[in-house]
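Chain by chain, the residues run as shown.
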Amino acid sequence: MAAVSSSDSDGCGAQSNEANSKWLDAHYDPMANIHTFSACLALADLHGDGEYKLVVGDLGPGGQQPRLKVLKGPLVMTKSPLPALPAAAATFFMEPHEPRTPALALASGPCVYVYKNLRPYFKFSLPQLPPNPLEQDLWNQAKEVNNMGVENQKAKMAASG
């Protein structure tokens, strides 16, 4: 796969390949239908067979229908629904003995789900804590500012219309 530097994009320079470049070209595929953040990505040998797969905590289009997706190359191998939007994904080893297959931890909503062999293994539920009073006050102030902006927009529309 050839990479073209910004100076080569005008057609005046020669193309260089990735082996000669210190930069990697990011893959962009709008048809892949993956909506996620970098914290929700993990690359792991999930079955201990030497084949690494990309694990994605997918938000879904518009934050609807969150899913756990496992990709091998460009193909989606599995899709599993998630109860809430994912926040992070990480792999880790639970056992010291062979064969060492990693478990997957996925933070979603108020829980951390642990998967072994891509099957639900354990669920850690985080306790609900009362909001910090200072943070709650800041959120209330932001809501008031937003409401004032909405009221100002309504008044401007009424005056112009």
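Keep in mind that what you see is a predicted model, and the values were worked out from it rather than measured. For every chain, the first residue of the written sequence is number 1, and numbering continues from 1 along that sequence. The model is predicted, so local features are restricted to residues of pLDDT at least 70 and side-chain atom pairs to those at 80 or more, both for listing and for counting; the totals for chains, interfaces and linings are taken over all residues. Water and hydrogen atoms were dropped before computing side-chain values, which therefore reflect all heavy atoms in the structure.

**Q** Mind laying out unusual backbone geometry, listing which residues take part and the relevant values?
**A** Positive phi, close to 55°, is recorded for N117, a residue that is not glycine. Every helix listed is a DSSP run of H or I at least four residues long, and every strand listed is a run of E at least two residues long, numbered separately from the N terminus. Along the chain, the position of N117 falls in the loop between β9 (111-116) and β10 (119-125). Despite not being glycine, L118 has its phi angle at roughly 60°, a positive value. The partly exposed category is assigned to L118, whose relative accessible area is 22%. A 1.4 Å probe rolled over the protein chains alone gives each residue an accessible area, and that area as a share of the maximum for its type sets the label: buried under 20%, exposed over 50%, partly exposed in between.

**Q** Which residues make up a nonpolar patch on the surface, and what values do they have?
**A** Nonpolar side chains collect at one region of the surface, where F92, M94, Y121, F122 and F124 lie side by side and expose about 490 Å² of accessible area between them. With three residues, the top contributor of residues to the nonpolar patch is β10. Mapping Y121 onto the fold places it in strand β10. A relative accessible area of 48% means that Y121 is categorised as partly exposed. A patch consists of residues exposed above 30% relative accessible area that lack any salt bridge, with like charges linked at up to 9 Å and nonpolar side chains (Val, Leu, Ile, Met, Phe, Trp, Tyr) linked at up to 5 Å. We get accessible surface area from the Shrake-Rupley algorithm with a probe of 1.4 Å; when it comes to residues, only the shown protein chains can shield them. Every case where a carboxyl oxygen of Asp or Glu lies within 4 Å of a side-chain nitrogen of Lys or Arg is listed as a salt bridge.

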